[in-house]
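# A structural walkthrough
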Amino acid sequence: MTSSPAKPVSREEIVSLLDQLVRIESVTPWLIPTGSGERQVAEFIADWLDGFGLEVFLDEVTDGRPNLMARLRGTGGGPTLCINAHLDTVGFENWADRALEPWIDGDRMYGIGVVDDKASCLAAMIAIRDLATSGVPLRGDLLVALVIDEEGVSLGTEHLVAHHAMDAAIVIEPSALPVVVTEHQGFGWIDVIVYGKAAHGSSPDDGVDAIVHMAEVIRGLHALDEREWKPNPSEMNGRTVFHTGTIRGGTDYATYPSQVTLGIEIGSQPGETLANRVADIEAIFDEIRSRYPSFRGEVVVRLDRDPFVGEGYESLYAAVDAAAREVLGTPLRREGLNAWTDAALMQAAGIPTILLGSLGGNLHAPDEWADIPELIQLTEMLKVAIVNFLR
């Protein structure tokens with residue numbers, strides 16, 4: 001294959017640029033209504049990429065929230081490769097004192113979104129800049145798409161696949177080299193609603209306690225997790241995801257609660273759909289109803305995402321594998337993932353897709369961190385892989 005097409009990536013540049021990206025708050029407002037969204041960080045990146053002969057533009061998706069797009073034109077006759085990473089982050093209310101003030105401890109940088117997913121954005125930024133300035137001829141086009149709302153409902157990638165043509169894609173998300181993800185779980189956000197009957201607190205014969213009935217639902221879901229999913233993980237994708245997320249219900253101390261809503265996140269494995277999980281919940285309803293005839297429940301699907309199973313990616317995999325052998329001294333290791341990413345949307349649009357990324361930890365939690373040496377390796381590997389695929 002080929003050697004790295006430009007000067008080596010420096011630790012100093014990585015640290016400086018990642019620090020700047022993390023300091024720009026880009027919380028998705030779909031998840032946290034007070035979040036600023038992605039415009040400011042997209043504009044920063046557009047300015048940073050200016051002057052290197054790239055086609056750089058902000059592609060408006062919704063409500064002033066743009067994807068950042070950068071294209072390096074090839075000489076013609078080759079495929080278009082998309083590098084997809086996301087600009088948005090989750091919220092940081094429980095570590096607001098330090099989340100936007102990144103710090104270094106050894107080989108780790110800490111801060112909100114530092115690995116999920118601003119390290120990935122950085123790798124794509126440096127890769128396309130270095131290739132643009134290297135003079136290495138590429139037949140195909142490189143399209144970097146830094147998208148909005150991956151932490152929400154993936155508005156950015158939905159817009160990307162609807163409005164831009166591409167022949168293959170690498171999605172960059174937190175992972176660990178030399179892992180490449182070729183499949184992962186699907187998931188759903190579901191509201192489980194249990195209905196009771198409001199009544200005065202001193203009238204037990206008139207009321208139906210929705211909270212007591214919801215406790216039975218939660219007990220049933222936990223038992224299902226312990227009985228089926230915990231002892232039977234997927235060989236590729238691990239244990240089927242299930243956890244409660246939110247609960248609300250009741251009106252006051254003195255009144256029987258007439259409604260309780262439980263919000264859950266629940267996974268599906270390749271070969272399944274969210275309909276399988278809805279059927280599991282409805283079976284729990286049936287069992288509870290056999291013991292409590294007054295039980296009434298409803299399942300409301302708020303978001304439904306199918307699993308990701310990569311197809312047609314063999315030539316892309318070969319290009320990335322050769323890059324891994326050159327930069328890391330080891331071949332790729334194919335794995336699955338017990339989470340969901342925009343890779344599923346890319347593949348569902350008919351685009352052969354794989355996922356990789358650099359090491360980090362504490363995702364969606366205080367003191368999120370990114371491994372700096374591995375981010376440097378990822379950036380170097382990405383440059384080599386792009387040349388391998390597009391030359």
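If you're wondering where the values come from, they're calculated on a predicted model, not measured in any experiment. (Residues numbered from 1 in each chain as written. Predicted model: local features only at pLDDT ≥ 70, side-chain atom pairs only at ≥ 80, totals over all residues. Heavy atoms only, no water.)

## Re the overall build of the chain
- When helices and strands are counted, the chain shows nine helices and 18 strands.
- For the chain, the C-alpha radius of gyration of 23 Å lies close to 21 Å, the compact-globule estimate for 391 residues.
- Structurally, the chain occupies a C-alpha span of about 80 × 40 × 40 Å along its principal axes.
- Among the 391 residues that make up the chain, the fraction classed as buried is 54%.
- Relative to all contacts within the chain whose residues are 6 or more apart in sequence, the contacts with residues 24 or more apart total 79%.
- Total accessible area on the chain stands at roughly 16200 Å², and carbon and sulfur atoms take up 49% of it. (Helix = DSSP H or I, 4+ residues; strand = E, 2+ residues; numbered from the N terminus. Rg over C-alpha atoms; globule rule 2.2 N^0.38 Å. Buried < 20%, exposed > 50% of the residue type's maximum accessible area, 1.4 Å probe, protein only. Contact = heavy atoms within 4.5 Å. Areas by Shrake-Rupley, 256 points an atom, 1.4 Å probe, with all protein chains shown as cover.)

## Thoughts on the layout of surface pockets
- Within this model, the largest pocket holds a volume of roughly 1100 Å³.
- Among the secondary structure elements, those contributing two or more residues to the lining of the largest pocket are strand S10 (186-195), strand S11 (242-249), strand S12 (259-268) and strand S13 (296-305).
- Sort the elements by how many residues they give to the lining of the largest pocket and S10 lands first, with five residues.
- Of the residues belonging to the lining of the largest pocket, the class tally is 14 nonpolar, twelve polar and nine charged.
- What the second largest pocket holds in volume is close to 180 Å³. (1 Å grid on protein atoms, 1.4 Å probe; cavity = no way out; pocket = protein on both sides within 12 Å on 5 of 7 lines; lining within 4 Å. Points joined across faces, edges and corners; volume = space filled by probe spheres on them. Nonpolar A, V, L, I, M, F, W, Y, C, P; charged D, E, K, R; others polar.)

## Structural notes on the sheet that holds strand S4 (residues 103-105)
- The strand order across the open sheet formed by four strands is S4-S5-S18-S17, and the pairing between neighbours is antiparallel. With partners counted over all chains shown, the strands left at the sheet margins are S4 and strand S17 (360-361), one partner each.
- Seen against the sheet, helix H9 (residues 372-390) touches S4, strand S5 (108-110) and strand S18 (369-371) and runs at an angle of roughly 60° to S18. (Pairing = 2+ DSSP bridges. Axes fitted to C-alpha atoms, helices over the stretch in contact; angles between N-to-C directions.)

## Remarks on the pattern of salt bridges
- Counted by the stated rule, this structure contains 28 salt bridges.
- Across the pair arginine 39 and glutamate 60 runs a salt bridge, and its minimum N-O distance is 2.1 Å. Residue arginine 39 is found in helix H2 (residues 39-49), and its partner glutamate 60 is found in strand S1 (residues 55-62); the two are separated by 21 residues along the sequence.
- For arginine 39, a relative accessible area of 28% corresponds to the partly exposed category.
- For arginine 325, the salt bridge identified is with aspartate 321, shortest N-O distance 2.8 Å. With arginine 325 and aspartate 321 both in helix H7 (residues 314-327), this residue pair falls four residues apart, about one helical turn.
- Judged by its relative accessible area of 48%, arginine 325 falls in the partly exposed class.
- Overall, the relative accessible area of 13% leaves aspartate 321 in the buried class. (Salt bridge = Lys/Arg side-chain N within 4 Å of Asp/Glu carboxyl O.)

## Structural notes on the sheet that holds S13
- The strand order across the open sheet built from four strands is S11-S12-S10-S13, with neighbouring strands paired in antiparallel fashion. A single partner strand is all that each edge strand has here, and the edge strands are S11 and S13. This sheet shows a mean twist of 20° between the axes of neighbouring strands, independent of strand direction.
- Two strands pair when backbone bridges link them, and S11 and S12 are joined in this way by seven bridges, in the antiparallel orientation. If you follow arginine 248 over to S12, its bridge partner there is threonine 261.
- The strands touched by helix H5 (residues 210-229) are S10, S11 and S12; relative to S12, the strand with the most contacts, the crossing angle is about 15°.

## Here's the deal with the packing of aromatic side chains
- Per the stated rule, a full pass over the model turns up eight aromatic pairs.
- Relative to tryptophan 189, the ring of tryptophan 30 lies with its centre 5.5 Å away and its plane at 25°, an arrangement referred to as stacked. Taken as a pair, tryptophan 30 in the loop between helix H1 (11-23) and H2 and tryptophan 189 in strand S10 lie far apart in primary sequence, 159 residues in all.
- Residue tryptophan 30 is classed as partly exposed on the basis of its relative accessible area, which comes to 42%.
- Ring geometry for tryptophan 103 against tyrosine 110: centres 5.1 Å apart, planes inclined by 5°, an arrangement best described as stacked. (Phe/Tyr/Trp six-rings, centres within 6.5 Å; stacked < 30°, edge-to-face > 60°.)

## A word on the nonpolar core
- Ile83, Leu146 and Ile170 are the most contacted members of the largest nonpolar core, which totals 66 residues.
- Among residues more than four places away in sequence, those in contact with isoleucine 83 are Ala124, Leu142, Leu143, Val144, Ala145, Ile170, Ile172, Leu382 and Ile386.
- Counting 23 residues, the second-largest nonpolar core is a separate cluster that includes Met69, Val171, Leu303 and Ala343. (Core = buried A, V, L, I, M, F, W, Y, C linked by side-chain atoms within 4.5 Å.)

## Observations concerning the packing of H1 against helix H3 (residues 114-134)
- One way to put it is that H1 packs onto H3 with a least axis distance of 10 Å and a crossing angle of 125°. The angle between the axes of H1 and H3 places the two elements in the oblique class. Crossing of H1 against H3: the hand is right-handed. Here H1 contributes Glu13, Ile14, Leu17, Leu18, Leu21 and Val22 to the contact with H3, which in turn contributes Val114, Lys118, Ala119, Leu122, Met125, Ile126 and Arg129.
- Looking at the contact of H1 with H3 residue by residue, the class counts come to ten nonpolar, no polar and three charged. (Parallel < 35°, antiparallel > 145°, perpendicular 65-115°, else oblique. Left-handed = near helix turned anticlockwise from the far one by under 90°.)

## Here's the deal with the pairing of S1
- Relative to strand S2 (residues 65-72), S1 is paired through seven bridges, and the arrangement is antiparallel. Each residue of the ladder has a partner; that of leucine 58, found in S2, is leucine 68.
- In sequence, S1 turns back onto S2 through a hairpin of two residues, with aspartate 63 there showing a positive phi of about 45°.

These results come straight from atomic positions and should not be treated as a statement about function.
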